[in-house]
Amino acid sequence: MKALRVAVAIATVVASSLPALAASEPPPGATSCSGCHTTGAAAAGSVSRLYGRDAGEIMTAMAGFRDGSLPATVMNRIAKGFSDDELRAIAAWLAAQK
Amino acid sequence: MGTSLRISRREFVGASAATITALAFPLPAFAQAAPRVVVIGGGFGGASCARALKAIDPKLQVTLVEPNKTFTACPFSNNVIAGLRSIEAQQFGYDKIAASGVTVVEQAATAVDAAARTVGLADGTTLSYDRLVLSPGVDLRFDALQGYDEAAATKMPHAWKAGEQTLLLRKQIEAMDDGGLVVIAVPANPFRCPPGPYERACLIAHYLKGKKPRSKLLILDAKDTFSKQRLFQNAWKELYPGMIEWVSLSQGGKVNAVDPATNTLITDFGNHTAQVANVIPPQRAGRIATIAGATDNTGWCAIDPVTFESKSAPNIHVIGDACLAGAMPKSAFSANAQAKTCARAIATLLSGGSPATPKLINTCYSLAAPDYGISVAGVYQPKNGVLADVEGAGGVSPADAPREFRAREADYAQSWFTTITAEVFG
């Protein structure tokens, strides 16, 4: 739990220090997310909407999927393809989308 | 222009000089006004790319060339064959894409002049481009399987392009007597939707189990291994015991010829006469890619893994099933992910920049039954000139998962289809 809180704290700091990302290039991997996670107004199915979500929350979830501490069906396999820096950048970019 | 009304003498002189230059050389100024991107093919790749280009830079002139008024999606079309879904649920129009500012031209592209940067259409008109995107999908190789041509496909459907063929296979399975034999012939790699034939076997078996339980299903395969193999084979045992038989390449599974008159599939090891024969022939990139000079001797398109630009045809990008995307499989998810990466790279190139190295994801669900989903996922990045797997990531669903897990993946599969088709066409 302590590790999770630290991850949230780090992600939150990183996210809030990078507001310019909203209008900038999406970081590597970020645009693939919308294959499953809607960019529309509301999630059409059971897969959550990520645009505008808190970056720390996304980062915590991805870190948990990657190390297996959070249960997942497919996100564990996907999270393992990204470093901490990459995940933080993606989380911040998703959070900045409307 | 609206920043200030006060113009200094120096700025005024500068502006005048610019005006004179513009008047003296009017053509280059016009030519640079709004870069033109033409996208050929309105499937998951092309439609996604056209839309993404316009979203990234609304100033771009984006034209989508697609002869069909309605797109019929392949993912979930196996559900139509199994009687679990209507074909209408697979169909999408281009109105919203046109409303987003993309010019949709309802024509077939018949010519590409890579040197002149023009596309010729079936009605004789010509479109000029600064960058061209080809997303033509696959062509079925009617030359690759003796006896199998377009006429044979009306008797032995491939149903590997969704629409009439999907409905034909559905009708044949519905009309078949209990105790009949369904044969699915599967080609060697690469081909569109690698797990598709095995999902099809599952869903046809699902229908037969309920309605015609004495029937059998035979898969004749030109391969010794296939996508999600262990998961599919476990599902066959668990859900359809004794119904599905898979014959691998080394067991004589490769179909060399077919006889549509007798519904017979011919292998080195013998003949199989089917009540319903679903022949999925070998494939290649859609013909326009060859016309454009973008295919190599494999019939597919080699591309730069950062920009998706053709390795043989400059200023022409190839995405989706037609391209050789390294480790990325030919799926709708891949086509959509590639489209968004390619659109970003094109916008960057057109503004004089250098595209960043991308990462791409694929996620592909298959249904072994309506409430039994399995998946494969991967993360990819350019390495040694191709898109390679990011090591340690990706893979298939666990082999030992409980049914609740399979049910969740089946639910996510449905959700995926709704979300991706809304992003592309909605």
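Residues numbered from 1 in each chain as written. Chains lettered and ligands numbered in written order. Predicted model: local features only at pLDDT ≥ 70, side-chain atom pairs only at ≥ 80, totals over all residues.

Bringing the overall build of chain B into the picture now. In terms of helices and strands, chain B carries eleven helices and 25 strands. In terms of overall size, chain B behaves like a compact globule, its C-alpha atoms giving a radius of gyration of 24 Å where 426 residues would be expected to give roughly 22 Å. Projected onto the principal axes, the alpha-carbon positions of chain B cover approximately 90 × 45 × 40 Å. Looking at chain B residue by residue over its 426 residues, the buried ones come to 50%. Sequence-distant contacts in chain B: of pairs separated by 6 or more residues, those separated by 24 or more amount to 67%. (Helix = DSSP H or I, 4+ residues; strand = E, 2+ residues; numbered from the N terminus. Rg over C-alpha atoms; globule rule 2.2 N^0.38 Å. Buried ≥ 20, exposed ≤ 12 C-beta atoms within 10 Å, placed from the backbone. Contact = placed C-beta atoms within 7 Å.)

So, about the interface of chain A and chain B. Contacts between chain A and chain B engage 21 residues on the former and 34 residues on the latter. For the side of chain A that touches chain B, the per-class residue count stands at six nonpolar, twelve polar and three charged. (Nonpolar A, V, L, I, M, F, W, Y, C, P; charged D, E, K, R; others polar.)

As a further point, take the domain arrangement of chain B. All names here are of chain B. Assigned domains within chain B: domain 1 (32–140 + 284–356) and domain 2 (152–281). Centre-to-centre, using C-alpha coordinates, domain 1 lies 30 Å away from domain 2. No other element matches the five residues that helix H4 (residues 77–81) contributes to the side of domain 1 that touches domain 2. Within the side of domain 1 that touches domain 2, the residues separate by chemical class into eleven nonpolar, seven polar and two charged. (Domains from an automatic or database assignment.)

Below, the discussion takes up the confidence of the model for chain A. Residues and elements named next belong to chain A. Scored by pLDDT, chain A has a mean of 82; 74% of the residues are at 70 or more. For chain A, helix H1 (residues 2–16) is the element with the lowest average pLDDT, namely 46, and helix H3 (residues 75–79) is the one with the highest, namely 98. Across residues 1–23 the pLDDT falls below 50, and counting only partners more than four positions away or on other chains, this stretch makes 28 contacts in the model. (pLDDT = per-residue confidence, 0-100.)

So, on to the packing of helix H2 (residues 55–67) of chain A against helix H4 (residues 84–96) of chain A. Residue and element names in this part refer to chain A. It is the contact of H2 with H4, at a shortest axis distance of 8 Å, that shows an interaxial angle of 140 degrees. The orientation of H2 relative to H4 falls into the category oblique. Like other packed secondary-structure pairs, H2 and H4 cross with a definite hand, here right-handed. Residues Ala55, Ile58, Met59 and Met62 of H2 form the contact with H4, whose participating residues are Leu87, Arg88, Ala91, Ala92, Leu94 and Ala95. Classifying every residue of the contact of H2 with H4 gives nine nonpolar, no polar and one charged. (Axes fitted to C-alpha atoms, helices over the stretch in contact; angles between N-to-C directions. Parallel < 35°, antiparallel > 145°, perpendicular 65-115°, else oblique. Left-handed = near helix turned anticlockwise from the far one by under 90°.)

Residues and elements named next belong to chain B. In a regular helix each residue adds 1.5 Å, so twelve residues correspond to 16 Å; helix H6 (residues 164–175) covers 16 Å between its end C-alpha atoms and thus fits that length. Within H6, burial applies to Gln165, Thr166, Leu169, Arg170, Gln172 and Ile173. Around the axis of H6, the buried residues are gathered within 165 degrees of arc, so they sit on the same side. Looking at the buried side of H6, the elements it contacts are H4, strand E11 (181–186), helix H7 (196–211) and strand E17 (276–279). (Expected span 1.5 Å × (residues − 1). Arc of directions from axis to C-beta.)

This next bit is on the pairing of E11 of chain B. Residue and element names in this part refer to chain B. Across the six residues that make up E11, a large majority, five, are buried. Examined bridge by bridge, E11 and strand E12 (residues 216–221) share six bridges and lie parallel to one another. Bridged to Leu181 within E12 is Lys216. Regarding the hand of the β-α-β motif, the stretch spanning E11, H7 and E12 is right-handed. The pairing of E11 with E17 spans four bridges and is classified as parallel. Counterpart to Ile184 in the pairing with E17 is Asn278. (Pairing = 2+ DSSP bridges. Right-handed = clockwise from strand over helix to strand, strands pointing away.)

Attention now goes to the confidence of the model for chain B. Residues and elements named next belong to chain B. The pLDDT averaged across chain B works out to 94; a share of 92% of its residues lies at or above 70. Contacts for the low-pLDDT stretch residues 1–30, under 50 throughout, to residues beyond four places or in other chains number two contacts. With a pTM of 0.90, the predicted complex shows an ipTM of 0.89.

All names here are of chain B. Judged by pairing direction, the sheet is antiparallel, and its three strands sit side by side in the order E6-E7-E8 without closing on themselves. The sheet terminates laterally at strand E6 (109–113) and strand E8 (126–128), the two strands that pair on one side only. Sheet twist, expressed as the average angle between the axes of neighbouring strands with direction ignored, equals 20 degrees. Here E6 runs beside strand E7 (residues 118–121); their pairing, made up of four bridges, is antiparallel. Note that in E7 the partner of Asp113 across the bridge is Thr118.

Moving on, we get to helix H8 (residues 229–239) of chain B. Residues and elements named next belong to chain B. Every buried residue of H8 is accounted for by Leu231, Phe232, Ala235 and Trp236. The buried residues of H8 occupy one face: seen down the axis, they fall within an arc of 140 degrees. Counted as exposed and oriented over 90 degrees from the buried face of H8: Arg230 and Lys237. Structurally, H8 contributes buried residues whose contacts are with H7, strand E13 (244–247), strand E22 (360–369), strand E23 (372–383) and strand E25 (395–396).

This part covers the environment of Asp57 of chain B. Residues and elements named next belong to chain B. Relative to the assigned elements, Asp57 resides in the loop between helix H3 (44–56) and strand E2 (61–65). Residue class for Asp57 comes out partly exposed when judged on the 19 C-beta atoms lying within 10 Å of it. Separated by 179 residues in sequence, Asp57 and Trp236 place their C-alpha atoms 48 Å apart.

Moving on, we come to the packing of H3 of chain B against helix H10 (residues 332–350) of chain B. All names here are of chain B. At their nearest, the axes of H3 and H10 sit 8 Å apart, and the two run at 35 degrees to each other. Here H3 and H10 pass one another in a crossing that is right-handed. Contact residues: H3 offers Phe44, Gly45, Ser48, Cys49, Ala52, Leu53 and Ile56, while H10 offers Ala332, Ala335, Asn336, Gln338, Ala339, Lys340, Cys342, Ala343, Arg344, Ile346 and Ala347. Within the contact of H3 with H10, the residues separate by chemical class into twelve nonpolar, four polar and two charged.

Residue and element names in this part refer to chain B. A cis geometry characterises the amide bond from Asn189 onward to Pro190, with omega recorded as -5 degrees. Note on placement: Pro190 falls in the loop between E11 and H7. With a phi angle near 55 degrees, Asn263 is a residue other than glycine that sits in the positive phi range. Locating Asn263 in the fold gives a position in the loop between strand E14 (255–259) and strand E15 (264–267). Look at Asn263 and you get partly exposed, because 19 C-beta atoms sit within 10 Å.

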